[in-house]
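Notes for the structure review
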Amino acid sequence: MDELYTLDLHQALSLLEQGEISSLELTQSHLNRIEAVDGRIKAYITVGAEQALAQAKRADADRAQGRAGLLCGAPLGLKDLLCTTELPTTCGSKMLKHFVAPYNATVVEKLQAAGAVILGKQAMDEFAMGSTSEHCAFQIPENPWKAGHICGGSSGGSAAAVAAGECLASLGTDTGGSIRQPSSHCGVVGLKPTYGLVSRYGAIAFASSLDQIGPIAKNVRDSALMLEAIAGFDEKDSTSIRRLVPRYRDALGKDLTGMRIGIPSEYFSQALDSEVEREVRKALSTLENAGARLVEVSLPHTEYCVAVYYLIATAEASSNLARFDGIHFGYHDPDSTDLLDQYSRSRAVAFGDEVKRRILIGTYALSAGYYDAYYKKASQVRTLIRADFTRVFKDCDLIASPVSPHAAPAIGAMENNLVSMYLADILTISANLAGIPAMSVPCGFTSEGLPIGLQLQAAHFHEETLLQAAYAVEAQLGISTVKPVL
């Protein structure tokens, strides 16, 4: 029974429903797996073993009494910026090292209502600012497929944990690719929903107009089930959209005949790694074989996406992180002499270099005399980027591309080249700027055995189309069944 961690979410729930296993056994198997491999992976900042086992016992009792929810007894993980009352929420930062929230995030409440078991909180770039998870203040999670390589970011710990069998699935957040990129690097499925489909209440904000919570799972079917569990209107989130949540799993297995998939020329530039392009092109051929039609499209404002993103995201971060001043929230420096000294010393000690850098950029972009030239101009170009997608989706059902220009680099490879790190998000940022849904599905490996992901993007609230196509790719390639050896 100790290898129950190898199951996917649907397999586990089926065995639980049939009474062949208990949630207590399933949870203990995952806790044993964490103990066995997390010393190498370093995916978890906090493991709540005692709480998880108690939740598993309640799930078994609920199932025995006919009260099983959608995810009853399933052991899951959480990115460590989703507020929880039973476990600390650190945001990967010394600023919140000992913070325990007084309330649960809405998505956490939804998982609990569905009967899920929360194993712990997973490592991330500090305050979600990064693409490698190297900016976590406590540890650097590593790629399960190759030691010494990044797992992506900022939801790196979540993707690594799913790939390594340390949870059945997890929730991450995506501000500029932070679900899709680590999912691509770790060979799992990651889905960023339409902005407003999933409540952000209780997710500690990085950039409020870009942040979105979504599932990271072992396969497309599990991803669809997780999305069903967390989607829906929430009155506590003013950006939440009031609309019915479909049964996303019903989209899986549907014929792709007649589906038009746009291939943007801007996403296949000379900067794209040759092995990545080769595997993505193979995946596109599987879509054609399934009946879809590939058409060349253009997203002409793609070249501005990185600049626009790093103005809007940093400006919003500057505003959001102002609350962490050592008085209202966060680390309090005991040696400060007055109020201004308290602000300065607390933030200087508790924030990491990347967070400080982005606060400085954002504050400058919002400052008097520069607002119109930077933040306002970036917001105007963002409208043009969104218009590009609106135009393309009039003629296409989906857009397909690589997730990242390259597979997971070695840890430290981009340490002295921040521009290179920022440019690594060039293929994922636009979906956040436009607010559209997008996902990563495994499509191949490099010669070194590192995973490569195919990115699919759809029009607002067309998650079913995304899942339909992703399932077809997964079914033909069979890559989701291949696991790293640890």
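Refer to the preceding data block for the structure.
Below is a summary of the structure that appears in this document. Computed from a predicted structure; not experimentally measured.

With respect to the packing of helix α9 (residues 305–320) against helix α11 (residues 353–366)
Angle between the axes and distance between the axes: these two values describe a pair of packed helices. Where α9 contacts α11, the two axes come as close as 7 Å, and the packing angle between them is 100°. By the angle class used here, α9 and α11 are roughly perpendicular. Contacts from Y310, L311, T314, A315 and S318 in α9 reach R358, I359, I361, G362, T363, A365 and L366 in α11. Taken together, the residues that form the contact of α9 with α11 break down as seven nonpolar, four polar and one charged.

Observations concerning empty space enclosed by the protein
In this structure the tally under the stated criterion is three cavities of 30 Å³ or more. Estimated volume of the largest cavity: approximately 70 Å³. In this structure, the largest cavity is lined by 13 residues; those nearest its centre are G130, S131, S178, Y309 and D425. Of the residues contributing to the lining of the largest cavity, the split by class is four nonpolar, seven polar and two charged.

A closer look at the sheet that holds strand β4 (residues 169–173)
With mixed pairing, the 11 strands of this open sheet are ordered in space as β1-β3-β2-β4-β6-β5-β10-β11-β9-β7-β8. For this open sheet the edge positions go to β1 (44–47) and β8 (293–297), each flanked by a neighbour on one side alone. Recorded for the sheet is a direction-independent mean angle of 30° between the axes of neighbouring strands. Bridging between β1 and strand β3 (residues 117–122) involves three bridges; their strand directions are antiparallel.

Focus: the nonpolar core
In this structure, L71, L111, F127 and L454 are the most contacted members of the largest nonpolar core, which totals 123 residues. Considering every element that reaches this core, the biggest residue donor is α9, with 10 residues. The residues touching L71, leaving out its near neighbours within four places in the chain, are L9, L13, L76, L111, A114, G115, A116, L225, M226 and A229. Counting 22 residues, the second-largest nonpolar core is a separate cluster that includes L31, Y44, C151 and C167.

Re the packing of aromatic side chains
Counted by the stated rule, this structure contains 11 aromatic pairs. An angle of 50° between the planes, with centres 5.0 Å apart, marks the rings of F127 and F324 as tilted. Of this pair, F127 sits in the loop between β3 and α5 (156–163) while F324 sits in the loop between α9 and α10 (339–350); the two residues are 197 residues apart in sequence, bridging distant segments of the chain. Assigned by exposure class, F127 and F324 land together as buried. Pairing Y364 with Y374 gives two aromatic rings, centres 5.9 Å apart and planes at 55°, and the pair type is tilted. Of this pair, Y364 sits in helix α11 while Y374 is found in helix α12 (residues 372–392), placing the two residues 10 residues apart along the sequence. By relative accessible area, which is 32% here, Y374 ends up partly exposed. These aromatic residues form a ring-pair network of at least three members: F127, F324, F329 and F351. When the ring centre of F461 is taken as origin, the NZ or CZ atom of R243, which lies over that ring, is 4.1 Å away. Taking the ring centre of F268 as reference, the NZ or CZ of R281 above it sits at 4.2 Å.

Parameters and conventions
Residues numbered from 1 in each chain as written. Predicted model: local features only at pLDDT ≥ 70, side-chain atom pairs only at ≥ 80, totals over all residues. Heavy atoms only, no water. Axes fitted to C-alpha atoms, helices over the stretch in contact; angles between N-to-C directions. Helix = DSSP H or I, 4+ residues; strand = E, 2+ residues; numbered from the N terminus. Parallel < 35°, antiparallel > 145°, perpendicular 65-115°, else oblique. Contact = heavy atoms within 4.5 Å. Nonpolar A, V, L, I, M, F, W, Y, C, P; charged D, E, K, R; others polar. 1 Å grid on protein atoms, 1.4 Å probe; cavity = no way out; pocket = protein on both sides within 12 Å on 5 of 7 lines; lining within 4 Å. Points joined across faces, edges and corners; volume = space filled by probe spheres on them. Pairing = 2+ DSSP bridges. Core = buried A, V, L, I, M, F, W, Y, C linked by side-chain atoms within 4.5 Å. Buried < 20%, exposed > 50% of the residue type's maximum accessible area, 1.4 Å probe, protein only. Phe/Tyr/Trp six-rings, centres within 6.5 Å; stacked < 30°, edge-to-face > 60°. Lys NZ or Arg CZ within 6 Å of the ring centre and 35° of its normal.

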